[in-house]
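In case you want the letters, here they are:
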Amino acid sequence: MPLIEIARAETKAAAMAGLERWKARHVAVWPLLEPRDVLVDAMRGRSSAWYRIRVNLQHVPEADRPVQEALEVDYDPWAGSQA
């Protein structure tokens, strides 16, 4: 599947705000996506949850698919953890 990651955030609200910024930059792509193409995952860490948003571009013609960009929100759930 042609997936790109949009955001990795500490809160769902921050992840969704990142998705809104991505949508604003890719206005031609957004109407081609189906609701199930936007994947919002609650990820579990050792002692907390964080959120990831990915977009499945399978319904976007290959020539029109945006490439993976820097994440809108780039939260590192492992920062500061000790192995």
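Residues numbered from 1 in each chain as written. Predicted model: local features only at pLDDT ≥ 70, side-chain atom pairs only at ≥ 80, totals over all residues. Heavy atoms only, no water.

Asks: Provide a residue-level description of the sheet that holds strand β1 (residues 3-9), including the pertinent values.
Replies: Read from one edge to the other, the open sheet built from four strands follows the order β2-β3-β1-β4, with strand pairing classed as mixed. Two strands close off the open sheet at either side, each with one partner strand: β2 (38-44) and β4 (73-74). With seven bridges connecting them, β2 and strand β3 (residues 49-56) associate as antiparallel partners. Bridge pairing in β3 links Asp 41 to Arg 52. (Pairing = 2+ DSSP bridges. Helix = DSSP H or I, 4+ residues; strand = E, 2+ residues; numbered from the N terminus.)

Asks: So what about the environment of Trp 22? Which residues, and what values?
Replies: Secondary-structure assignment places Trp 22 in helix α1 (residues 12-25). Residues Trp 22 and Val 38, spaced 16 residues apart in sequence, show a C-alpha to C-alpha distance of 12 Å.

Asks: An account of the pattern of salt bridges is requested, with residue identities and associated values reported.
Replies: A side chain with one charge can pair with a side chain of the opposite charge if their charged atoms come near. Following the criterion strictly, the structure yields nine salt bridges and no others. Between Glu 20 and Lys 23 there is a salt bridge, with the nearest N and O atoms lying 3.1 Å from each other. Placement of the pair is Glu 20 and Lys 23 together in helix α1, with a separation of three residues, close to one helical turn. For Glu 20, a relative accessible area of 42% gives the class partly exposed. Across the pair Glu 69 and Arg 25 runs a salt bridge, and its minimum N-O distance is 2.5 Å. With Glu 69 in the loop between β3 and β4 and Arg 25 in helix α1, the pair connects residues that are 44 residues apart, well separated along the chain. (Salt bridge = Lys/Arg side-chain N within 4 Å of Asp/Glu carboxyl O. Buried < 20%, exposed > 50% of the residue type's maximum accessible area, 1.4 Å probe, protein only.)

Asks: So what's going on with the pairing of β3? Which residues, and what values?
Replies: The sheet contact formed by β1 and β3 spans six bridges and is antiparallel. Opposite Leu 3, over in β3, you have Asn 56 as the bridge partner. In textbook terms, the turn of a hairpin is the stretch between consecutive antiparallel strands, and for β2 and β3 this stretch comprises four residues.

Asks: Before we move on, could you go through the nonpolar core and cite the residues and values that matter?
Replies: Within the largest apolar cluster, 14 residues are counted, with the highest numbers of intra-cluster contacts made by Ile 6, Trp 22, Leu 33, Val 55 and Leu 57. Elements represented by at least two residues in this core include exactly β1, α1 and β3. Take this core: its biggest share by element is four residues, from β1. Among residues more than four places away in sequence, those in contact with Ile 6 are Gly 18, Leu 19, Trp 22, Ile 53, Arg 54, Val 55, Leu 71, Glu 72 and Val 73. (Core = buried A, V, L, I, M, F, W, Y, C linked by side-chain atoms within 4.5 Å. Contact = heavy atoms within 4.5 Å.)

Asks: I'd like to hear about the environment of Gln 58, residue by residue, with values.
Replies: One can find Gln 58 in the loop between β3 and β4. What makes Gln 58 partly exposed here is its relative accessible area of 32%. Considering only alpha carbons, one finds Gln 58 and Val 27, 31 residues apart in sequence, at a separation of 17 Å. Apart from residues no more than four positions distant in its own chain, Gln 58 is found in contact with Met 1, Pro 2, Asp 37 and Arg 65.

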